[in-house]
Amino acid sequence: MEKCLERLKQYLGDHGVPYEMGRHREVYTMQEVAAEIGEKGRYEAKVFIASVDGKPVMLVLPAPDHVEYERVRLFLGAIHVERAHEAQLRQWFPDCEVGAMPPFGNLYGVPTYLDRALSEMPHITFQAGSHADFMRIHTADYLRIVKPRVSRFAITPEPAEPAVCGITFK
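The following refers to the structure shown.

Parameters at a glance
- Residues numbered from 1 in each chain as written.
- Predicted model: local features only at pLDDT ≥ 70, side-chain atom pairs only at ≥ 80, totals over all residues.
- Heavy atoms only, no water.
- Pairing = 2+ DSSP bridges.
- Helix = DSSP H or I, 4+ residues; strand = E, 2+ residues; numbered from the N terminus.
- Axes fitted to C-alpha atoms, helices over the stretch in contact; angles between N-to-C directions.
- Phe/Tyr/Trp six-rings, centres within 6.5 Å; stacked < 30°, edge-to-face > 60°.
- Buried < 20%, exposed > 50% of the residue type's maximum accessible area, 1.4 Å probe, protein only.
- Lys NZ or Arg CZ within 6 Å of the ring centre and 35° of its normal.
- Salt bridge = Lys/Arg side-chain N within 4 Å of Asp/Glu carboxyl O.
- Arc of directions from axis to C-beta.
- Core = buried A, V, L, I, M, F, W, Y, C linked by side-chain atoms within 4.5 Å.
- Contact = heavy atoms within 4.5 Å.

**Observations concerning the sheet that holds strand β2 (residues 45-52)**
1) Next: Taken in spatial order, the five strands of this open sheet run β5-β2-β3-β6-β9, and their pairing is mixed. Both outer strands of the open sheet, β5 (81-83) and β9 (149-151), are each paired with one neighbouring strand and no more. Mean inter-strand twist for the sheet, computed between neighbouring axes without regard to direction, equals 35 degrees.
2) Next: Relative to strand β6 (residues 112-115), strand β3 (residues 55-62) runs parallel, the two sharing three bridges.

**Considering the packing of aromatic side chains**
1) Next: Applying the stated rule across the entire model yields six aromatic pairs.
2) Next: Judged by centre distance (6.0 Å) and plane angle (75 degrees), the rings of Phe 48 and Tyr 69 are edge-to-face. With Phe 48 in strand β2 and Tyr 69 in helix α3 (residues 69-76), this residue pair connects regions lying 21 residues apart in the sequence.
3) Next: Under the relative-accessibility criterion, Tyr 69 is labelled partly exposed at 33%.
4) Next: Between Arg 7 and the ring centre of Tyr 108, over which it is positioned, the NZ or CZ distance is 4.5 Å.

**Here's the deal with the pattern of salt bridges**
1) Next: Using the criterion set out here, one finds nine salt bridges in the structure.
2) Next: Notably, a salt bridge pairs Asp 65 with Arg 152, separated by 3.9 Å at the nearest N-O pair. Taken together, the positions of Asp 65 in the loop between β3 and β4 (66-67) and Arg 152 in the loop between β9 and β10 (154-155) put the pair 87 residues apart, joining distant regions of the chain.
3) Next: We classify Asp 65 as buried; its relative accessible area is 0%.
4) Next: Three or more residues are tied together by salt bridges with common partners; here these are Asp 65, Asp 115 and Arg 152.

**What to know about helix α6 (residues 139-146)**
1) Next: Where α6 is concerned, the buried positions are Thr 139, Asp 141, Tyr 142, Ile 145 and Val 146. When α6 is viewed along its axis, its buried side chains cluster within an angular range of 155 degrees and face the same direction.

**Things to note about the nonpolar core**
1) Next: Counting 31 residues, the largest nonpolar core has Ile 49, Phe 93, Phe 104, Phe 126, Ile 137 and Tyr 142 as its most contacted members.
2) Next: Elements supplying a minimum of two residues to this core: α1 (2-14), β2, β3, α4 (86-92), β7 (123-127), β8 (133-138) and α6.
3) Next: In terms of residue count, the dominant contributor to this core is α1 (five residues).
4) Next: Look past the residues within four positions of Ile 137 in its chain and what remains in contact with it is Leu 12, Val 17, Pro 18, Tyr 19, Phe 104, His 123, Ile 124, Phe 126 and Tyr 142.
5) Next: Within the second largest apolar cluster, 13 residues are counted, among which are Phe 48, Val 67, Ala 78 and Phe 153.

Below, the structure written as structure tokens:
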């Protein structure tokens, strides 16, 4: 959405952070964004909003990975961790399309946690409030201005085994 994108541009400009920006056809996952812009999914920052003991928490991880709820629960000393509901996302991020929040929880008063794997990438690419806009910045700049807590809370899915057809070649 325009308001979110403008907020990001202003924030990055105020902090002297250079960025690249672009548009692609409307897609709904960061893996699809990676394919659209020809980039590896490991550089794509997927934003996962969790409800942790009823409060919003932003978890930022590489696009192919998945949140490990038990790690998050233990790391935060929480009792209950679950994926936030759509209505909560609309309430907490009113100027963003649902599911297209940028990884800047600090702009919304939401604690932000970055998975260690993404913190080691040279740059990150993320949705900029809509399912068609993206931005890319250096990870060092992201760490400097957002100041997320860094931890390992994501798991990388195992690659699929190749299908076996049962034919033996001699």
